[in-house]
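Chain by chain, the residues:
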Amino acid sequence: MHATNKPFAIEKRLVYEAYKAVKSNRGAAGVDEQSIEQFEADLSGNLYKIWNRMSSGSYFPPPVRAVSIPKKSGGERILGVPTVADRVAQMVVKQVIEPILDPIFLADSYGYRPNKSALDAVGVTRMRCWKYDWVLEFDIKGLFDNIDHELLLRAVRKHITCKWALLYIERWLKAPMMLEDGTMIERSRGTPQGGVVSPILSNLFMHYAFDLWIARTHPDLPWCRYADDGLVHCRTRHEAEALKAALQARLAECHLEMHPTKTKVVYCKDGKRRGKYPNVKFDFLGYCFRPRRVRRLRDNSLFGGFNPAVSSSAMNAMRKAIRDLHLRRQTQLTLQDIAQQLNPLLRGWIAYYGRYAPSALYPLLRYVNQTLVAWVMRKFKRFKRRKVQASQFLQRLATACVDLFVHWQIKMIGVFA
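Residues numbered from 1 in each chain as written. Predicted model: local features only at pLDDT ≥ 70, side-chain atom pairs only at ≥ 80, totals over all residues. Heavy atoms only, no water.

Novice: Could you clarify how one ought to interpret the nonpolar core in this entry?
Specialist: Soluble globular proteins tend to bury their nonpolar side chains together. Met54, Val88, Val93, Trp164, Phe210 and Val232 are the most contacted members of the largest nonpolar core, which has 67 residues in total. Setting aside its immediate chain neighbours within four residues, Val88 contacts Val15, Ala18, Tyr19, Val22, Phe39, Leu47 and Ile50. Formed by 55 residues, the second largest nonpolar core is a distinct cluster that contains Val122, Ala227, Phe289 and Leu365. (Core = buried A, V, L, I, M, F, W, Y, C linked by side-chain atoms within 4.5 Å. Buried < 20%, exposed > 50% of the residue type's maximum accessible area, 1.4 Å probe, protein only. Contact = heavy atoms within 4.5 Å.)

And the structure:
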């Protein structure tokens, strides 16, 4: 520290490791319109500037760029996209505070944590729905936009003693947001969804706002939370309704609001639970939990269960992602070119939504094949207006070149029909 004559001792290695993490995550350009490739054109110089300014205490984050993205449930979500350099600076702080904060989080907090995933949360929820008849599904309205800065910083200061990390966290919370028309919006609350440190800060806030509260006041009720989406399993409807009212009051104390339409009490109806209730399904992390016919492994018989499968909104979003590629009209491409575009998407979807009830994905995979059939009919004159022949052509190709598309490796009947 004395050799560099800097008030804060920050290792240059930390900045380089942060850059590598940012590069692997990719992401859009910020208000300076600088891409990762442009940042790398003078990599050593740009990383030195970040280290120098952070070490001297003179680093001030630029505004974040407001980007609107559609929600699966309708409407839009506003992301705050930092510049590449600011993402590197935020990653430096994240690398320092995450090893301190993550160990204090409770086991049933799954969002944005190392060695935990959304599929872990879906799996534990699946088992608990078999044991408990009722679920309180809750959603927090605009969590990232409404986090109280004073309460958050109180929690941060309780656990983080690194002075420069505290300094820059405060500056990031106050950084303005630039709209598409250039208008600057000053921020007095919230932490931009899209920032590198925002997920861990929101987790810390919810650790005190919900996790510790539910563990203290209802230690006998299992719960699961992923960011602003959460579930609490209850034994009776009355218990779930009472908890809903108590949670609404608790969130209000923390200056948060329970989403009025996404929060509901659900009856986990199956073959043994005969009661009637208007809500017998809920969506959680892209999966829809509802009554389903399930095949018993030991004797191949069917029984009524309450299980997850890919949700309708997730299916619609995946179909839209395929349509947005406009593959049916891309006749200048080869099948190998199309496979390069589709396979990364399909591989991720199958790995995630194929974990539970994989057969529910078959309509999507058939839709992909139907898209390929339409492409073949446009690409080759001999298949024009000859859908059956185009389907047969692709069926033979799928048998001979099963590795060309990821989903062709899954055995399905009539996938080109």
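Novice: Is there a simple way to think about the sheet that holds strand 9 (residues 282-284) in this case?
Specialist: Where strands meet in a sheet, backbone hydrogen bonds hold them as pairs that are either parallel or antiparallel. With respect to topology, three strands assemble into an open sheet ordered 9-10-11, the strand pairing being antiparallel. Bordering the open sheet on either side are strand 9 and strand 11 (302-310), each of which pairs with just one other strand. Averaged over all neighbouring strand pairs, the angle between strand axes comes to 50 degrees, with direction disregarded. Relative to strand 10 (residues 287-295), strand 9 is paired through three bridges, and the arrangement is antiparallel. By the bridge assignment, Asp283 is partnered in strand 10 with Cys288. (Pairing = 2+ DSSP bridges. Helix = DSSP H or I, 4+ residues; strand = E, 2+ residues; numbered from the N terminus. Axes fitted to C-alpha atoms, helices over the stretch in contact; angles between N-to-C directions.)

Novice: Is there a simple way to explain the pattern of salt bridges in this structure?
Specialist: For side chains bearing opposite charge, pairing can occur when the charged atoms are close. Counted by the stated rule, this structure contains 15 salt bridges. The shortest N-O distance in the salt bridge between Glu150 and Arg154 comes to 3.9 Å. With Glu150 and Arg154 both in helix 7 (residues 149-159) and four residues apart, the pair spans about one turn of that helix. Taking the relative accessible area as the measure of exposure, Arg154 reaches 53% and is therefore exposed. One salt bridge connects Arg157 with Glu170, and the closest N-O pair in it is separated by 3.3 Å. With Arg157 in helix 7 and Glu170 in helix 8 (residues 163-174), the pair connects residues that are 13 residues apart, well separated along the chain. Of the residues examined, Glu170 reaches a relative accessible area of 26% and is grouped as partly exposed. Through salt bridges with shared partners, one network takes in Asp133, Asp270 and Arg273. (Salt bridge = Lys/Arg side-chain N within 4 Å of Asp/Glu carboxyl O.)

Novice: Explanation requested: the packing of aromatic side chains in the structure shown.
Specialist: How two aromatic rings sit relative to each other is set out by the distance from centre to centre and by the angle between their planes. Tallied over the full model, the rule gives 21 aromatic pairs. With centroids separated by 5.5 Å and ring planes inclined at 90 degrees, the aromatic side chains of Phe210 and Trp223 adopt a geometry described as edge-to-face. A residue pair is termed long-range when its members are at least 10 positions apart, and Phe210 in helix 9 (residues 198-217) and Trp223 in strand 6 (residues 223-226) qualify at 13 residues. Trp223 shares its class with Phe210; the two are buried. The ring of Phe60 has Arg171 lying over it, and the distance from NZ or CZ to the ring centre is 3.7 Å. In this structure, Arg382 is placed above the aromatic ring of Phe380, and the distance from its NZ or CZ to the ring centre is 5.2 Å. (Phe/Tyr/Trp six-rings, centres within 6.5 Å; stacked < 30°, edge-to-face > 60°. Lys NZ or Arg CZ within 6 Å of the ring centre and 35° of its normal.)

Novice: Can you help me understand the packing of helix 4 (residues 84-101) against helix 8 in this one?
Specialist: Two packed helices can be described by the angle between their axes and the distance between those axes. Viewed as axis vectors pointing N to C, helix 4 and helix 8 meet at an angle of 135 degrees, and their least axial separation amounts to 10 Å. Classified by the interaxial angle, the pair formed by helix 4 and helix 8 is oblique. For the pair helix 4 and helix 8, the sense of crossing is left-handed. For the pair helix 4 and helix 8, the contacting residues are Asp86, Ala89, Gln90, Val92, Val93, Val96 and Ile97 in the first and Trp164, Ala165, Tyr168, Ile169 and Trp172 in the second. Of the residues in the contact of helix 4 with helix 8, the class split is 10 nonpolar, one polar and one charged. (Parallel < 35°, antiparallel > 145°, perpendicular 65-115°, else oblique. Left-handed = near helix turned anticlockwise from the far one by under 90°. Nonpolar A, V, L, I, M, F, W, Y, C, P; charged D, E, K, R; others polar.)

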